[in-house]
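Chain and residue survey
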Amino acid sequence: MAFNHLPAGAHDALTPLSVKPVTHSMSMANDQLPPEAGVHPSPRTILDRLATGPGRAARITHTEHLPPRPGRHAPWPEKIRPEVIEAIRTTGIERPWAHQALTAEHALRGESAVVATGTASGKSLAYLAPVLSTLLDGAEAPNGRGTTALYLAPTKALAADQRRAVRSLATPLGKSVRPAVYDGDTPVEEREWVRQYANYVLTNPDMLHRSVLPAHPRWASFLRALRYVVIDECHTYRGVFGSHVAQVLRRLRRLCARYGSEPVFLLASATASDPATAAGRLTGLPVAQITDDASPRGEVVFALWEPPLTELHGERGAPVRRTATAETADLLTDLAVQGVRTVAFVRSRRGAELVSLIAQERLAAVDRSLPSRVAAYRGGYLPEERRAIERALHTGELLGLSATSALELGVDVAGLDAVLLSGYPGTRASLWQQAGRAGRTGRGALAVLVARDDPLDTYLVHHPEALFRQPVESTVLDPDNPYVLAPHLCAAAEELPLSDADLSLFGPEARGVISQLEARKLLRRRGSVWHWTRRERAADLTDIRGEGGRPVQVVEEGTGRLLGTVDRSASHSTVHEGAVHLHQGRSYLVRHLDLEASVALVEQADPPYSTTARDTTAISILETTTEVPWGDARLCFGSVEVTNQVVSYLRRRLITGEVLGETKLDLPPRTLRTRAVWWTVTEDQLDAARIDPESLGGALHAAEHASIGILPLFATCDRWDIGGVSVPLHPDTLLPTVFVYDGHPGGAGFAERAFHTAARWLDATREAIASCECEVGCPSCIQSPKCGNGNDPLDKRAALRLLTRLLKDAPPARAAQSAQSAQSAQEDGEGGEDG
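On a predicted model such as this, the values are computed, not experimentally measured, just so you know.

Negative charge collects at one region of the surface, where Asp-632, Glu-683, Asp-684 and Asp-687 lie side by side. Judged by its relative accessible area of 58%, Glu-683 falls in the exposed class.

The mixed open sheet is built from seven strands, whose spatial order is β1-β9-β16-β15-β12-β14-β13. In this open sheet, the two edge strands, each paired with only one partner strand, are β1 (60–66) and β13 (374–377). With strand direction ignored, the average angle separating the axes of adjacent strands in the sheet is 15°. Two elements, β13 and strand β14 (residues 400–403), share four bridges in a ladder whose sense is parallel. Bridge pairing in β14 links Ala-375 to Leu-401. Its contacts with the sheet place helix α16 (residues 383–395) against β13 and β14, and it is angled at close to 135° to β13. Sheet strands in contact with helix α17 (residues 428–435) are β1, β9 (300–305), β12 (342–346), β15 (418–422) and β16 (445–450), and its direction is about 145° off that of β15.

For the rest of this paragraph, the subject is the packing of aromatic side chains. Given two aromatic rings, their pairing is described by the distance between the two centres and the angle made by the two planes. Under the criterion given, the structure shown has 11 aromatic pairs. A ring pair is formed by Tyr-182 and Trp-219, whose centres lie 4.9 Å apart and whose planes are at 85°; its orientation type is edge-to-face. Pair noted here: Tyr-182 is in the loop between β4 (179–181) and α9 (188–197) and Trp-219 is in the loop between α10 (205–212) and α11 (220–224), with a separation of 37 residues, a long-range link. Residue class for Tyr-182 comes out buried when judged on its relative accessible area of 2%. Classification of Trp-219 as buried rests on a relative accessible area of 2%.

When pLDDT is averaged across the protein chain, the result is 86; 88% of the residues are at 70 or more. This stretch, residues 1–38, has a pLDDT under 50; its non-local contacts, to residues over four places away or in other chains, come to 62 contacts. Of the regions scoring below 50 in pLDDT, residues 814–835 engages in 48 contacts with residues more than four places distant in sequence or in other chains.

Conventions we followed
- Residues numbered from 1 in each chain as written.
- Predicted model: local features only at pLDDT ≥ 70, side-chain atom pairs only at ≥ 80, totals over all residues.
- Heavy atoms only, no water.
- Patch = residues over 30% accessible without salt bridge, like charges linked within 9 Å, V, L, I, M, F, W, Y side chains within 5 Å.
- Areas by Shrake-Rupley, 256 points an atom, 1.4 Å probe, with all protein chains shown as cover.
- Salt bridge = Lys/Arg side-chain N within 4 Å of Asp/Glu carboxyl O.
- Lys, Arg positive; Asp, Glu negative; His and termini not counted.
- Charge placed at Lys NZ, Arg CZ, Asp CG, Glu CD.
- Buried < 20%, exposed > 50% of the residue type's maximum accessible area, 1.4 Å probe, protein only.
- Pairing = 2+ DSSP bridges.
- Helix = DSSP H or I, 4+ residues; strand = E, 2+ residues; numbered from the N terminus.
- Axes fitted to C-alpha atoms, helices over the stretch in contact; angles between N-to-C directions.
- Contact = heavy atoms within 4.5 Å.
- Phe/Tyr/Trp six-rings, centres within 6.5 Å; stacked < 30°, edge-to-face > 60°.
- pLDDT = per-residue confidence, 0-100.

Laid out in structure tokens, this is it:
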């Protein structure tokens, strides 16, 4: 992509602000801090270098220092085979950390356990030691195949990385341990070998759902001998995806029981709140938790970085802050020139590509050998592309990588010294997981959070206590969601007819959902069991990642070459006609999107802009589950139906984000039944807040945008997981109403969490608006990047008065909790954002 179309005055935004100090240090950078020098810069020194240059230091709003921590050892449990201990010693590990030994003890006693400790704390060894020891025991058994183990990872990259680790550890053990990856990239000719001979199979929940469980007779010997199921990075199984995985695991347990096995579940998680409860909901079993991290940690310096306001203006004349993308590319460039190995985590696939492109172009101006040492990494790449980048990262060939969260999860990225986070990743758990990817044994690490022009990011860089003084979030999932449960009951019935005894395994809602499936003639009862009635595969009823069907293939129009894929749920907003699509350092324009054929045709181009889709949303209330009075106002939670349509896209100038124009689109609407939280206000409250009819729409609209931006601080979600609607007079409430809803069928628990924390959530929303330095509203407080109404109307001052008046009547937390508890006892039991 070329960057020679910039207007006059825009070149300052393109030039790294630290060119002079970086060029001055090139002699050291070219040698990449040679080992013979014996000097490695500390995290503080690296940060000081980044802060050098006009205005740079002022962008650091806070620096947090985490001191180093010593480690605590413990002996291995007696039942660990001596051969395994010796194999571990060959890797340089003499004794385990205390949490590793405790996890192994639980496993060997046949107790399911979750180890939730920090990044790089050795969680893999905690479960591998007992698994390998048990596989060795099984290999000596006189009958049949022996013992088997199953490893589940949320990404293919993590499974491939784990296979490398297992092979390295298992080599001294001979042929007793036979690890193999079984995923969508596994060649057909290898799959039969895996089924028949592998005793440590590494796969993902998607493959388990679509391939292994439906074909369980072919896996009979493996399932019969299954002793352990390892679930790595289990904190990622949240929301709708986590709820689907929970039901997949229940199907697995049911089939294992059919073949006479009862595997122990060993789970590994980033630091999380109450991991045993989350792991129990995921597996349906009691799970012990190990949370005392006994591993050593080097010094960590964590900086919060806010890009400056520019002289440019965006929609409605709002000031525009320099983009996190441009700022992150600057920092990645400077770090690469200094020889500091870095990963930059970027929120979107397009953003990851753009950061890499900009950094490569800037590095070329410094040293022609450097651009090839920076690359992008994201989902949607072809398998061979992913593997090549992973190899280059492992060998140290790459100095810098711009990656999506696909690289966040456990992949062994040894030797990194710094991590850049381009925007808050949505949860504190992900923040620390990403930051923890840097740091070597005995060495420190630098992490920098670069704020986006977004209410939440703005709030966080000015309220560091919300990041550094708060515990990580609980993992939210709901296996009883009927939209999740129904397709898995159908899949289970096809795998093995469902009996009354099976229903308790699938949860308290299973019996009611079974009746609905009978009425829809998807299941039929014969005697005491239910059977699947259709010819098509029941496993194909649902995509467990909630992506709404098969991915859209991105194909180069002139050559027919497949470039990659895009999730179907994201296709309307990312590969619509006219969209700019980035792939492997090249940009393409989408010429045609065929939704029936699931194909987007593109051609290579170098447009001087990026594209952002806009949508409109309408909402109707289906059922009010809970209602709490806030004075005359009402806070409600319940079921809604949302109709969403992508209506246009903006063209934004590269780097600066300046809006160049808007183009209309004609795409079909999509309907979603989900869960929402909403609040209403009365005319008297509006009068008390001095809000007249002319400013009402702007006040509600601004409060809606800001509350959506802030909600990820209180719910385990991403801004793009939730949506909202504000209406001056809603037909169902007959009052001014603001809705915030889960962007997934049946709900994902985010709106419910918002309802339970509404007073704190909306108070933080009000404070975020009040503390923003703009006059009338900007992307840092009340403007939304996806607003279908062009961020009009918006009224910042009226929104502040409205929220202040609303919160004045909010009940005390104890009373709200009491109302929630009463309701619970009675029950016994990539959405978009709109303007």
